[in-house]
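# Reading the structure
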Amino acid sequence: PQAALKALDAELAKAPDGTKPILRALQASWFFAYYQQNQWRFARRSATADAPGDDIETWDLKRILAEVDQRFQAALAGKDALQNLPVTAFADLFTAGDLGDTLRPTVYDFIAHQALAFYGMEEVAVSRPEDAFAIEAGSPALGTTDAFLGWKPETTDTTSPAYRALRLFQDLLAFHQADKDRSAFLHCDLKRLRWAESAATGSDKPARHEAALRAFIKDNAASPLSADARQDLAKLLIEAKKSKDAHEVASAGFKAFPDHPFGKLCRNIVHELEEKQLQVMVESAWTPAGASIQVNHKNISHVYFRAYPKSWGINTGNIDQDPLPDSRDKLRALVKGKPALAWDMPLPDDRDFAPRVAELVAPEGLEAGY
C-alpha cells in the first residue's frame, strides 16, 4: 500500500490536468482506506520530538489524520469536474452496491460521502483543541433542510472535522437540490440528520432528532428513503423505551416498501421487537425457605417450570465447581426422568414488545437439595 500511495503521488505530478481530479479522488480514497486498515497502529504511536518525514510507516496519529484531511480537501477542490463524472464511467474502480447509482450518482458523491465518513470518525473529532467548532442540538443542524442550507455559523476553526462536514453536507444538498430524481438529495439530507445526531450536544437533542425524522417521513412518504428514516426513528424510540411506538413505525415502513432494502431493514426491526426472549435465574441449591426466581422475558405471558433432583458427592475435584451436568447427553437423560415438581405461573405482558424482569415467588413443597 505504501508503494501504491507513493506511485500515485508520482503519477499526479505528471498527469494531464483533465485526469488530476479523478486521481486526487482515488488518492484520498486510498489514504483513507490505508488509515482504516492500520488505525490501531497509528493510535499506539506517540509523537516524537523530530517532525516525521515522508515515510508513512513512521507517522503518528496526528500526522496521518492531517494527511488524509489534506488529500480529501485536494480531491474536493475539483468538485466541478467530479460532479460531471457519473460513477458508471468508472465502474471498474467501484464495488457495485445493492441500491443502484441513484443515491450517489457521480464521482463527487462517492468521494464526498467518503470524506464525510472520515470527518465523522471519533478519533478525528477528539484530536481537535478544546475551543474547536461545536454543533449545538438547537442549531439548524437538526432543523429543516432550508434552515440548514442557509446556516452560516461564525467560527475561526474552519478546519475542524465538524465544520468541514457541515460545509460538505451543504455543498452536497445544494448540488442535488434541483435534481428531478430526489433520491440523492433525500439520501444526503437523511445522512445529515444522522451526522447531526451524532455530532451535536444538548439536552434537547433526542426531541429535535425525533421531530426532524417525523417531518422527513411525512414529507417524503412516497420515497423508499422514508422507510430508511423510519428505521432511524424506530431505533430512537426503542432507546427511549417506547417499543410499541417503534413497532408501529417500523411496521409502516415495511408495509409501504416490502421489497425494497430499506423496507426490509424495517422488517428486521419488527422481527427483533416481536422476538420471544426468556432467561430464568434461580439458585440451583434449594433450601427449605424456597428460592426467589428471576425471569427476564419479552413477548411471553406464561412460563412453565420443572425441577429435577440431582445427586452428587463432594470430592477434591469438584468442591469448587457447580455440579450442573456439563454433558448435553447427561442433561437430556436427567430431564427424561420424573420431575420433583412441575408448576407454571403467569408473567406480566402488556404486549408492548418491551423486555421485562419478573420476580416470582417459588412454590412450596419442594425438598431441599440440588
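Now for a quick tour of the structure.

Parameters and conventions
- Residues numbered from 1 in each chain as written.
- Predicted model: local features only at pLDDT ≥ 70, side-chain atom pairs only at ≥ 80, totals over all residues.
- Heavy atoms only, no water.
- Patch = residues over 30% accessible without salt bridge, like charges linked within 9 Å, V, L, I, M, F, W, Y side chains within 5 Å.
- Areas by Shrake-Rupley, 256 points an atom, 1.4 Å probe, with all protein chains shown as cover.
- Salt bridge = Lys/Arg side-chain N within 4 Å of Asp/Glu carboxyl O.
- Helix = DSSP H or I, 4+ residues; strand = E, 2+ residues; numbered from the N terminus.
- Buried < 20%, exposed > 50% of the residue type's maximum accessible area, 1.4 Å probe, protein only.
- Phe/Tyr/Trp six-rings, centres within 6.5 Å; stacked < 30°, edge-to-face > 60°.
- Contact = heavy atoms within 4.5 Å.
- Pairing = 2+ DSSP bridges.
- Axes fitted to C-alpha atoms, helices over the stretch in contact; angles between N-to-C directions.
- Parallel < 35°, antiparallel > 145°, perpendicular 65-115°, else oblique.
- Left-handed = near helix turned anticlockwise from the far one by under 90°.

A contiguous nonpolar patch, built from Leu278, Val280 and Val282 and spanning about 220 Å² of accessible area, is present on the exposed surface. Looking at the secondary structure, you find valine 282 in the loop between β3 (277–281) and β4 (292–298). Taking the relative accessible area as the measure of exposure, valine 282 reaches 38% and is therefore partly exposed.

By the definition in use, this model includes ten aromatic pairs. Residues phenylalanine 72 and tyrosine 119 carry aromatic rings whose centres are separated by 6.4 Å and whose planes lie at 55° to one another, so their mutual orientation is tilted. With phenylalanine 72 in helix α4 (residues 61–76) and tyrosine 119 in helix α6 (residues 107–119), this pair connects stretches of sequence that are 47 residues apart. Given a relative accessible area of 5%, tyrosine 119 falls into the buried group. Measuring from centroid to centroid gives 5.5 Å for phenylalanine 133 and tyrosine 163, while their planes differ by 90°, and the two rings are edge-to-face. One end of the pair, phenylalanine 133, is in the loop between α7 (122–126) and β1 (135–136); the other, tyrosine 163, is in helix α9 (residues 161–176), and 30 residues separate them in sequence. Each member of the pair phenylalanine 133 and tyrosine 163 is classed as buried.

Throughout the structure, instances matching the rule amount to 13 salt bridges. Of the charged contacts in the structure, one is a salt bridge between arginine 164 and aspartate 69, with a shortest N-O distance of 2.9 Å. You can see arginine 164 sitting in helix α9 and its partner aspartate 69 sitting in helix α4, a full 95 residues away along the chain. As far as burial versus exposure is concerned, arginine 164 and aspartate 69 are alike and both buried.

This next bit is on the side chain of asparagine 220. Note that asparagine 220 resides in the loop between α11 (205–219) and α12 (225–239). In this structure asparagine 220 touches Leu186 and Ser226, once residues within four positions along its chain are discounted.

As a further point, take the sheet that holds β3. Note: strands within a sheet are paired through backbone hydrogen bonds, in either parallel or antiparallel orientation. Pairing is antiparallel in the open sheet, where three strands are placed in the order β3-β4-β7. Edge positions in the sheet fall to β3 and β7 (356–361), since each has one partner strand and no second. Sheet twist, expressed as the mean angle between neighbouring strand axes with direction ignored, is 20°. Pairing geometry for β3 and β4, over five bridges, is antiparallel. The residue of β4 that forms the bridge with glutamine 279 is asparagine 296.

On to the packing of helix α2 (residues 20–37) against α6, then. In contact at an axis separation of 10 Å, α2 and α6 are set at 30° when each is read in the N-to-C sense. Here α2 lies roughly parallel to α6, going by the angle between them. Of the two possible hands of crossing, α2 and α6 adopt the one that is left-handed. Of α6, the residues touching α2 (which contributes Ile22, Ala25, Ala28, Ser29 and Phe32) are Val107, Phe110, Ile111, Gln114, Ala117 and Phe118.

Bringing unusual backbone geometry into the picture now. Although it is not a glycine, lysine 241 adopts a positive phi angle of roughly 65°. Among the secondary structure elements, lysine 241 is positioned in the loop between α12 and α13 (243–256). For lysine 241, a relative accessible area of 75% translates into the label exposed. Not every positive phi belongs to a glycine, and asparagine 299 is a case in point at roughly 60°. With respect to the helices, strands and loops of the structure, asparagine 299 is situated in the loop between β4 and β5 (302–307).

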